[in-house]
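Listed below, chain by chain, are the residues.
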Amino acid sequence: MALTVQNFIKLANFYNQMTMMMSAICVQKGGIATENYAGRFFAADTLEFVYEYGRRLLDAKKQSVPDDVAAVIEKFRVQYERVKEMVTPTQKPIYEMTLEEFERAMNI
């Protein structure tokens, strides 16, 4: 996936829609706290991926990233700092793996 502002916006929209759906599920399940929801680990992994994508986008193309997108990346950084202890531990972060390493890790 090429580092582009449009791709970051798509990923950010996905993450925001996913968190909205998780909140709705928590309400439907009797009002459980989101920190007790089983999907919180997936959400933390997703947030890590989206934030890292945005960080790399800023590193690579800082001049072409609009201020509002940079502000969203910063917002995701703050959110990620609060949940980074919940991300799935790996020897190598998934966003740094080659396709072959990913397939091996996923046993594909």
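Up top you'll find the structure we're talking about.
Everything numeric in this text was worked out from a predicted model, so none of it was measured. (Residues numbered from 1 in each chain as written. Predicted model: local features only at pLDDT ≥ 70, side-chain atom pairs only at ≥ 80, totals over all residues. Heavy atoms only, no water.)

Draft legend 1. Layout of the nonpolar core. Phe8 and Phe76 are the most contacted members of the largest nonpolar core, which totals 24 residues. Listed by contribution, the elements that provide at least two residues to this core are helix H1 (5–28), helix H2 (40–61) and helix H3 (67–83). Sequence-distant contacts of Phe8, that is, excluding residues within four places in its chain, are made with Val50, Tyr53, Gly54, Leu57, Val69, Val72, Ile73 and Phe76. (Core = buried A, V, L, I, M, F, W, Y, C linked by side-chain atoms within 4.5 Å. Buried < 20%, exposed > 50% of the residue type's maximum accessible area, 1.4 Å probe, protein only. Helix = DSSP H or I, 4+ residues; strand = E, 2+ residues; numbered from the N terminus. Contact = heavy atoms within 4.5 Å.)

Draft legend 2. Region of interest: the environment of Lys92. Counting through the fold element by element, Lys92 comes out in the loop between H3 and helix H4 (99–105). Under the relative-accessibility criterion, Lys92 is labelled partly exposed at 30%. Sequence separation between Lys92 and Ala24 is 68 residues; the distance between their C-alpha atoms is 33 Å. Apart from residues lying up to four places away in sequence, Lys92 is in contact with Met97 and Glu101.

Draft legend 3. Structural view of the packing of H1 against H2. Two elements in contact, H1 and H2, have axes separated by 10 Å at closest approach and are oriented at 160°. Relative to H2, the element H1 lies roughly antiparallel. Where H1 crosses over H2, the two elements pack in a sense that is left-handed. Residues Val5, Asn7, Phe8, Leu11, Ala12, Phe14, Tyr15, Met18 and Met22 of H1 pack against Arg40, Phe42, Ala43, Thr46, Leu47, Phe49, Val50, Tyr53, Gly54 and Leu57 of H2. Classifying every residue of the contact of H1 with H2 gives 15 nonpolar, three polar and one charged. (Axes fitted to C-alpha atoms, helices over the stretch in contact; angles between N-to-C directions. Parallel < 35°, antiparallel > 145°, perpendicular 65-115°, else oblique. Left-handed = near helix turned anticlockwise from the far one by under 90°. Nonpolar A, V, L, I, M, F, W, Y, C, P; charged D, E, K, R; others polar.)

Draft legend 4. Quick peek at the packing of H1 against H3. Closest axis-to-axis distance for the H1/H3 pair is 11 Å, and the angle between their directions is 45°. Taken together, the axis directions place H1 and H3 in an arrangement best described as oblique. Note on packing geometry: the crossing formed by H1 with H3 is left-handed. Every residue of H3 that contacts H1 at Val5, Phe8, Ile9, Ala12, Tyr15 and Asn16 is listed here: Val69, Val72, Ile73, Phe76 and Gln79. Residues that form the contact of H1 with H3 fall into these classes: nine nonpolar, two polar and no charged.

Draft legend 5. Spotlight on the packing of aromatic side chains. Tallied over the full model, the rule gives three aromatic pairs. Pairing Phe8 with Phe76 gives two aromatic rings, centres 6.1 Å apart and planes at 65°, and the pair type is edge-to-face. With Phe8 in helix H1 and Phe76 in helix H3, this pair connects stretches of sequence that are 68 residues apart. Looking at Phe8, the relative accessible area reads 1%, which means it is buried. Ring geometry for Tyr51 and Tyr80: centres 5.8 Å apart, planes at 20°, overall stacked. Placement of the pair is Tyr51 in helix H2 and Tyr80 in helix H3, with a sequence separation of 29 residues. Residue Tyr51 is classed as buried on the basis of its relative accessible area, which comes to 14%. Residue Tyr80 is classed as buried on the basis of its relative accessible area, which comes to 13%. Each member of the aromatic cluster is reached from another via a ring pair, and the members are Phe8, Tyr15 and Phe76. (Phe/Tyr/Trp six-rings, centres within 6.5 Å; stacked < 30°, edge-to-face > 60°.)

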